[in-house]
Amino acid sequence: EAGVAQSPRYKIIEKRQSVAFWCNPISGHATLYWYQQILGQGPKLLIQFQNNGVVDDSQLPKDRFSAERLKGVDSTLKIQPAKLEDSAVYLCASSLGMSREADTQYFGPGTRLTVL
Amino acid sequence: KQEVTQIPAALSVPEGENLVLNCSFTDSAIYNLQWFRQDPGKGLTSLLLIQSSQREQTSGRLNASLDKSSGRSTLYIAASQPGDSATYLCAVRDLSGNTGKLIFGQGTTLQVKP
């Protein structure tokens, strides 16, 4: 079974530029999560989708971050404009669903973003 | 607001030692607690998941315990090996809402020296 795919793996940009990350979840997984992991910290949930609807985006900085999951499969996370403090690893995860029986999350390798 | 704390932040041990990693959480109303392993440049791999009704889970040389009333969990690694070197993260799924959201600690970075 293929895992969660993410691209690019690494990205270096200058502040005020824009950047986009892509995630392809495990086939059949209805729930998709984007996490931000700053160096030395645990991952923090940015946004969660159930199919193509947003379940939780309470910690997403909406003035600069946006995300979409068209057709309920792939997802894109965008930052525009980027700030220095956005330097982090962006992790995508997916699960079959949100119920206790189906919520095991499988993580992709992450995209490491450096903002100069 | 649920907060998860892991102590110590870093740990270095000689090969063969048994060791314990600690995790504490502030709100005992949780669905489950999960321990993950993170290798440099890679994503998270789930090691053990303990449901709120369970006291412990075992997988090979790993044993995780959960004391919900005191808000604590431990991950015990027996006979440590250099291949165990990684960052270990604990995460809780709490009962506020039913979104499957995980709240992570900051991790313990383990180095096992040959």
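Shown above is the structure to which this text applies.
Draft legend 1. Layout of the overall build of chain B. Counting secondary structure elements, chain B contains zero helices and eleven strands. Beginning at the N terminus, the succession of helices and strands in chain B can be written as β-β-β-β-β-β-β-β-β-β-β. Taken over C-alpha atoms, the radius of gyration comes to 14 Å for chain B, in line with the 13 Å a tight globule of 114 residues would show. Along the first, second and third principal axes, the C-alpha set of chain B runs to 45 × 30 × 20 Å. Classification of the 114 residues of chain B by burial places 46% in the buried group. Across chain B, the fraction of contacts at a sequence separation of at least 24, relative to all contacts at a separation of at least 6, is 55%.

Draft legend 2. Inspection of the pattern of salt bridges at higher detail. Within the structure shown, the criterion is met by four salt bridges over all chains. The salt bridge involving Asp86 of chain A is made with Arg64 of chain A; its shortest N-O contact spans 2.5 Å. With Asp86 of chain A in the loop between strand 8 (75-79) and strand 9 (88-95) and Arg64 of chain A in the loop between strand 6 (53-56) and strand 7 (65-68), this residue pair connects regions lying 22 residues apart in the sequence. Side by side, Asp86 of chain A and Arg64 of chain A carry an identical accessibility label, which is buried. Between Arg37 of chain B and Asp39 of chain B there is a salt bridge; the shortest N-O distance is 3.0 Å.

Draft legend 3. Looking closely at the interface of chain A and chain B. At the interface, 23 residues of chain A touch 20 residues of chain B. At the boundary of chain A with chain B, total buried surface from both sides reaches about 1700 Å², with 46% on carbon and sulfur atoms. Applying the counting rule to chain A against chain B returns zero salt bridges. Residues that form the side of chain A that touches chain B fall into these classes: nine nonpolar, ten polar and four charged.

Draft legend 4. A look at the state of the cysteines. This structure, assessed with the given rule, holds two disulfides over all chains. Between the sulfur atoms of Cys23 of chain A and its disulfide mate Cys92 of chain A the distance is 1.9 Å. Where Cys23 of chain A bonds to Cys92 of chain A through sulfur, the torsion about that S-S bond is close to -70 degrees, and the disulfide is left-handed. Placement of the pair is Cys23 of chain A in strand 3 (residues 19-24) and Cys92 of chain A in strand 9, with a sequence separation of 69 residues. For the residue pair Cys23 of chain A and Cys92 of chain A, the accessibility class agrees, reading buried in each case. One disulfide in the model links Cys23 of chain B with Cys90 of chain B; its S-S distance is 1.9 Å. Torsion about the S-S bond of the Cys23 of chain B and Cys90 of chain B cystine: about 70 degrees, corresponding to right-handed handedness. Here Cys23 of chain B is found in strand 3 (residues 19-25), whereas its partner Cys90 of chain B is found in strand 9 (residues 86-94), with 67 residues between them in sequence. Accessibility assignment for this pair places Cys23 of chain B and Cys90 of chain B in one class, buried.

Draft legend 5. Highlighting the packing of aromatic side chains. Counted according to the given criterion, the structure contains eight aromatic pairs over all chains. A ring pair is formed by Tyr35 of chain A and Phe104 of chain B, whose centres lie 5.7 Å apart and whose planes are at 90 degrees; its orientation type is edge-to-face. One end of the pair, Tyr35 of chain A, is in strand 4 (residues 31-37); the other, Phe104 of chain B, is in strand 10 (residues 103-104), on a second chain. Note on accessibility: Tyr35 of chain A and Phe104 of chain B belong to one class, buried. Ring centres of Phe107 of chain A and Phe36 of chain B lie 5.6 Å apart, and the angle between their planes is 85 degrees; this geometry places the pair in the edge-to-face category. With Phe107 of chain A in strand 10 (residues 106-107) and Phe36 of chain B in strand 4 (residues 30-38), the pair connects residues from two separate chains. Since its relative accessible area comes to 0%, Phe36 of chain B is described here as buried. Connected via pairs of aromatic rings, a cluster forms that spans Tyr33, Tyr35 and Phe107 of chain A together with Phe36 and Phe104 of chain B.

Reading the values: rules and limits
- Residues numbered from 1 in each chain as written.
- Chains lettered and ligands numbered in written order.
- Predicted model: local features only at pLDDT ≥ 70, side-chain atom pairs only at ≥ 80, totals over all residues.
- Heavy atoms only, no water.
- Helix = DSSP H or I, 4+ residues; strand = E, 2+ residues; numbered from the N terminus.
- Rg over C-alpha atoms; globule rule 2.2 N^0.38 Å.
- Buried < 20%, exposed > 50% of the residue type's maximum accessible area, 1.4 Å probe, protein only.
- Contact = heavy atoms within 4.5 Å.
- Salt bridge = Lys/Arg side-chain N within 4 Å of Asp/Glu carboxyl O.
- Buried area = accessible area lost by both parts, 1.4 Å probe.
- Nonpolar A, V, L, I, M, F, W, Y, C, P; charged D, E, K, R; others polar.
- Disulfide = S-S within 2.5 Å.
- Phe/Tyr/Trp six-rings, centres within 6.5 Å; stacked < 30°, edge-to-face > 60°.

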